[in-house]
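# An overview of the molecular structure
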Amino acid sequence: MELLKALEWRYATKKMNGNVVPQEKVDYIIEAARLAPSSSGLQPYEIFVISDKALLEKIQAIAWNQSQVTDASHLLVFAAWDGYSLEKIEKVFAKTLAERGLPADRMDEYKQRLWGMYEPLGKEWHATHAAKQAYIAFGLAIAAAAEQKVDTTPMEGFVPAELDKLLGLEALGLKSVVILPLGYRDEAQDWLVNLKKVRTPKEAFVTEIK
């Protein structure tokens with residue numbers, strides 16, 4: 001029930017007050033995202049945590065000049081792999097098997113089968129699939145922030161190609177997917193803060209098949 005109360009409390013904050021989020025809360029939010037599930041456990045994404053004000057100003061300019069980018073305490077950039085490869089898949093499984101104390105060849109058949117499915121689908125499919133995995137972590141970060149009473153603003157309103165260039169993501173084999181300012185609401189300046197949360201009613205949202 002506590003999570004539901006936190007989710008009821010949160011909203012897409014439209015104006016933040018510039019106050020700094022304590023590091024332990026930022027760490028908690030990041031850890032929730034790190035623990036998120038992903039397809040085959042590959043975690044094909046990374047998170048960039050930005051608090052440098054000069055850099056945030058540059059990002060704001062390519063994020064529709066949304067004030068939350070610079071008024072936030074931290075900005076999380078979720079960046080997904082631009083494609084899969086057998087080498088990347090093998091690297092992830094090698095680490096998993098080593099940490100579990102299992103033989104290095106334990107999952108060879110699965111790795112080959114997985115790559116056999118992914119390879120013919122092409123890089124556009126790869127990038128889209130990886131981005132979907134990043135969104136799972138993104139959702140958990142939002143929930144964790146709400147639990148910590150930290151405000152967030154989920155944002156797709158930016159120019160990915162320009163953000164990729166600014167952060168040098170292409171050289172890392174990454175593409176920016178979505179960004180998340182963390183901070184605290186400015187209740188006096190935020191037009192949305194006191195409006196009723198509206199969601200699809202359960203009877204229209206859920207179809208039970210028994």
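A brief structural summary. In this text, all values refer to a predicted model and were calculated from it rather than measured experimentally. (Residues numbered from 1 in each chain as written. Predicted model: local features only at pLDDT ≥ 70, side-chain atom pairs only at ≥ 80, totals over all residues. Heavy atoms only, no water.)

## Some remarks on the overall build of the protein chain
In terms of helices and strands, the protein chain carries nine helices and four strands. Summarising its shape, the C-alpha atoms of the protein chain cover approximately 60 × 50 × 30 Å along the three principal directions. Across the protein chain, every contact between residues at least 6 apart in sequence was considered, and the portion connecting residues at least 24 apart equals 79%. Accessible surface computed for the protein chain: about 12300 Å², of which carbon and sulfur atoms make up 55%. (Helix = DSSP H or I, 4+ residues; strand = E, 2+ residues; numbered from the N terminus. Contact = heavy atoms within 4.5 Å. Areas by Shrake-Rupley, 256 points an atom, 1.4 Å probe, with all protein chains shown as cover.)

## Looking at the sheet that holds strand 4 (residues 174-183)
Ordered by their spatial adjacency, four strands build an open sheet running 1-2-4-3, and the pairing between neighbours is antiparallel. In this open sheet, the two edge strands, each paired with only one partner strand, are strand 1 (45-50) and strand 3 (151-152). By the bridge criterion, eight bridges tie strand 2 (residues 74-81) to strand 4 in an arrangement that is antiparallel. Bridge assignment links A79 to a residue of strand 4, and that residue is S176. (Pairing = 2+ DSSP bridges.)

## Details of the side chain of S176
Position of S176 relative to the elements: it lies in strand 4. In this structure the side chain of S176 is engaged in a polar contact, spanning 3.3 Å, whose partner is the backbone oxygen of P160. Here D164 takes part through its side chain, which lies 2.6 Å from a polar atom of the side chain of S176. What S176 contacts, discounting residues up to four positions off in sequence, is V77, F78, A79, F158, P160, L163, D164 and L169. (Polar contact = N/O pair within 3.5 Å; in protein donor to acceptor, adjacent residues only side chain to side chain.)

## Some remarks on the environment of T13
Among the structural elements, T13 can be located in the loop between helix 1 (2-9) and helix 2 (23-34). Sequence separation between T13 and D108 is 95 residues, and the spatial gap between their C-alpha atoms is 46 Å. Excluding residues within four positions of it along the chain, T13 makes contact with Q68, D151, T152, T153, R185 and D190. A distance of 3.4 Å separates polar atoms of two side chains, one belonging to T13 and the other to D151.

## What to know about the packing of helix 2 against helix 7 (residues 122-147)
When two helices pack together, their arrangement is given by the angle between the helix axes and by the axis-to-axis distance. Across the interface, helix 2 lies against helix 7 with an axial gap of 8 Å and an inter-helix angle of 145°. Here helix 2 runs over helix 7; the crossing is right-handed. Every residue of helix 7 that contacts helix 2 at Y28, I29, A32 and A33 is listed here: A137, L140, A141, A144, A145 and E147. When the residues that make up the contact of helix 2 with helix 7 are grouped by side-chain class, the tally is nine nonpolar, no polar and one charged. (Axes fitted to C-alpha atoms, helices over the stretch in contact; angles between N-to-C directions. Left-handed = near helix turned anticlockwise from the far one by under 90°. Nonpolar A, V, L, I, M, F, W, Y, C, P; charged D, E, K, R; others polar.)

Read these as layout, nothing more, since geometry by itself doesn't imply function.
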